[in-house]
Amino acid sequence: MHIDVVSVFPEYFHILELSLLGKAQQSGLLQLRVHNLRDWTHDVHHSVDDTPVGGGAGMVMKPETWAECLDEVLPQTAATSHAKPILIFPNPSAPLFTQEVAQELSQAPSIAFGCGRYEGIDARVADYYRTIGMPDVNTRCTLDVREYSIGDYVLNGGEVAVCVMIEAITRLIPGFMGNPESIVKESYTGEPLLEYPQYTRPTTWRGISVPPILTSGDHAKVDRFRRDKSLEKTSVLRPDLIQCLDCHALDKADRKTLIALGWNVSGAHPVRSHNTH
Ligand code: SAM
C-alpha cells in the first residue's frame with residue numbers, strides 16, 4: 001500500500017517507523033511519504049492559515065496552500081491505483097472511523113491523508129477534490145474524498161487521528177501480521193462484539209486464578225465460555241453493538257446467553273426485554 005500524508009508537523013509520523021509498521025515499511029509492504037504543507041507556501045512566515053470569514057475565534061487553513069500541495073501530491077498517490085484515488089481528511093464532525101471502514105480501506109492500493117490544524121481546513125477543499133478533482137494527464141480526475149472522526153472529542157490536529165487510522169488500516173493488509181490468525185477473532189471483527197478477557201501464565205497470580213474452564217483442555221467448552229464472556233461484556237459495555245447482531249446468525253447457546261442477559265432475540269436484532277440494572 002502507498003500512503004501520502006500532508007501535515008504541518010511531519011515529525012508526528014516518526015512513530016510509524018516503530019514496531020510492525022516500521023517492519024512493513026522496511027519490507028516494502030507499505031510505502032509512506034509525509035509532506036510538509038509549509039513547503040507549498042510562498043511568504044516569509046510560511047503561513048497556512050487565515051481568519052474565519054464571517055468572524056469568530058481561531059484560524060482556518062487556507063485553500064490555496066492545500067490545493068497547490070494536493071495538486072502535486074495526489075497524482076503521485078493515484079499513480080499506484082487503478083481505482084478512484086482515496087483522499088481522507090480527519091474531522092471531529094464527520095462519521096466515525098470504524099473497524100469496518102479500516103477493513104475496507106486495507107484493500108486500497110493507495111490513500112492520501114490531509115491533516116487539519118486550527119479550526120480545520122477551508123470546507124471548499126474537500127468539496128473541490130470530490131467534484132472537480134486533481135489534475136490528470138489530459139483532464140481532471142475526481143477523488144473518493146472522505147472525512148472521518150476517530151471519536152467524540154476534539155484533538156489539536158489531525159496528525160494523531162491519521163496515525164490511528166493508518167495503524168488500524170495497515171495491520172489488516174495481508175502479510176502485515178506475523179500470525180494472520182491474531183486478527184481474525186478480535187473486537188469488532190466479523191461480528192459487532194467485544195473480545196472476551198484474555199489471560200496468560202501463571203494460572204494463579206497474587207491469589208487470583210484464571211477461570212478453571214480455560215485449563216480444562218476441552219476446546220469446545222473453552223470456545224463456548226469465551227463466546228459467552230464476549231456477549232456478556234458487550235451487553236454491559238456496548239449494548240448498542242448487541243442491538244446490531246443478526247438474530248438469525250445466533251446459535252442456540254448464544255440465544256440462551258442473550259436471553260439470560262435480558263435480551264429478546266425473537267426478531268431480526270436483539271432488543272432489551274427488561275431492565276437489567
Ligand atoms: N473546529 C473543529 C470542530 O469544532 O469540529 C475542530 C478543529 S480541531 C481543533 C483541528 C483538527 O484536528 C481538525 O481539522 C481535524 O483534522 C483534527 N481532529 C480533531 N479532533 C478530531 C477527531 N476526533 N477525529 C478526527 N480528527 C480530529
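In what follows, the accompanying structure is described. Keep in mind that what you see is a predicted model, and the values were worked out from it rather than measured.

### Points about helix H1 (residues 19-27)
- Within the sequence span of H1, burial applies to Leu21, Gly22 and Ala24. Mapping the buried residues of H1 onto a view down its axis gives an arc of 160 degrees, with all of them on the same face. Across H1 from its buried face, at more than 90 degrees, point the exposed residues Ser19, Lys23, Gln26 and Ser27.
- Summarising the contacts, the buried residues of H1 are in contact with helix H5 (158-170).
- Positive phi appears at Gly28, one or two residues downstream of H1, with a value of about 90 degrees.

### As for the pairing of strand E2 (residues 31-36)
- Relative to E2, strand E1 (residues 2-7) is paired through six bridges, and the arrangement is parallel. Along E2, the bridge assignment pairs His2 with Gln31.
- On the question of chirality, the crossover connecting E1 to the parallel E2 by way of H1 is right-handed.

### Things to note about the site of the ligand
- Lining the immediate surroundings of the ligand are 19 residues, of which Pro90, Glu119, Ile150, Tyr153 and Leu155 lie closest.
- In the model, a nitrogen atom of the ligand is placed 2.9 Å from a nitrogen or oxygen of the Leu155 main chain.
- Surface burial for the ligand is 83%, taken as the share of its 580 Å² of free accessible area covered by protein chains.
- When the residues that make up the shell around the ligand are grouped by side-chain class, the tally is nine nonpolar, eight polar and two charged.

### Remarks on the packing of aromatic side chains
- Throughout the structure, instances matching the rule amount to four aromatic pairs.
- Ring centres of Phe9 and Tyr12 lie 6.1 Å apart, and the angle between their planes is 65 degrees; this geometry places the pair in the edge-to-face category.
- For Phe9, a relative accessible area of 34% translates into the label partly exposed.

### Comments concerning the nonpolar core
- In terms of nonpolar packing, the biggest core is built from 32 residues, with Val5, Phe97, Leu105, Ile111, Phe113, Ile166 and Ile169 touching the most fellow members.
- Among the secondary structure elements, those contributing two or more residues to this core are E1, H1, strand E5 (86-90), helix H3 (99-105), strand E6 (110-114) and H5.
- Here the element with the most residues in this core is H5; it accounts for seven residues.
- With near-sequence residues (within four places) excluded, Ile166 lies in contact with Ile3, Val5, Leu16, Leu21, Leu32 and Phe113.

Conventions adopted
- Residues numbered from 1 in each chain as written.
- Predicted model: local features only at pLDDT ≥ 70, side-chain atom pairs only at ≥ 80, totals over all residues.
- Heavy atoms only, no water.
- Buried < 20%, exposed > 50% of the residue type's maximum accessible area, 1.4 Å probe, protein only.
- Helix = DSSP H or I, 4+ residues; strand = E, 2+ residues; numbered from the N terminus.
- Arc of directions from axis to C-beta.
- Contact = heavy atoms within 4.5 Å.
- Pairing = 2+ DSSP bridges.
- Right-handed = clockwise from strand over helix to strand, strands pointing away.
- Near = heavy atom within 4 Å.
- Polar contact = N/O pair within 3.5 Å; in protein donor to acceptor, adjacent residues only side chain to side chain.
- Areas by Shrake-Rupley, 256 points an atom, 1.4 Å probe, with all protein chains shown as cover.
- Nonpolar A, V, L, I, M, F, W, Y, C, P; charged D, E, K, R; others polar.
- Phe/Tyr/Trp six-rings, centres within 6.5 Å; stacked < 30°, edge-to-face > 60°.
- Core = buried A, V, L, I, M, F, W, Y, C linked by side-chain atoms within 4.5 Å.

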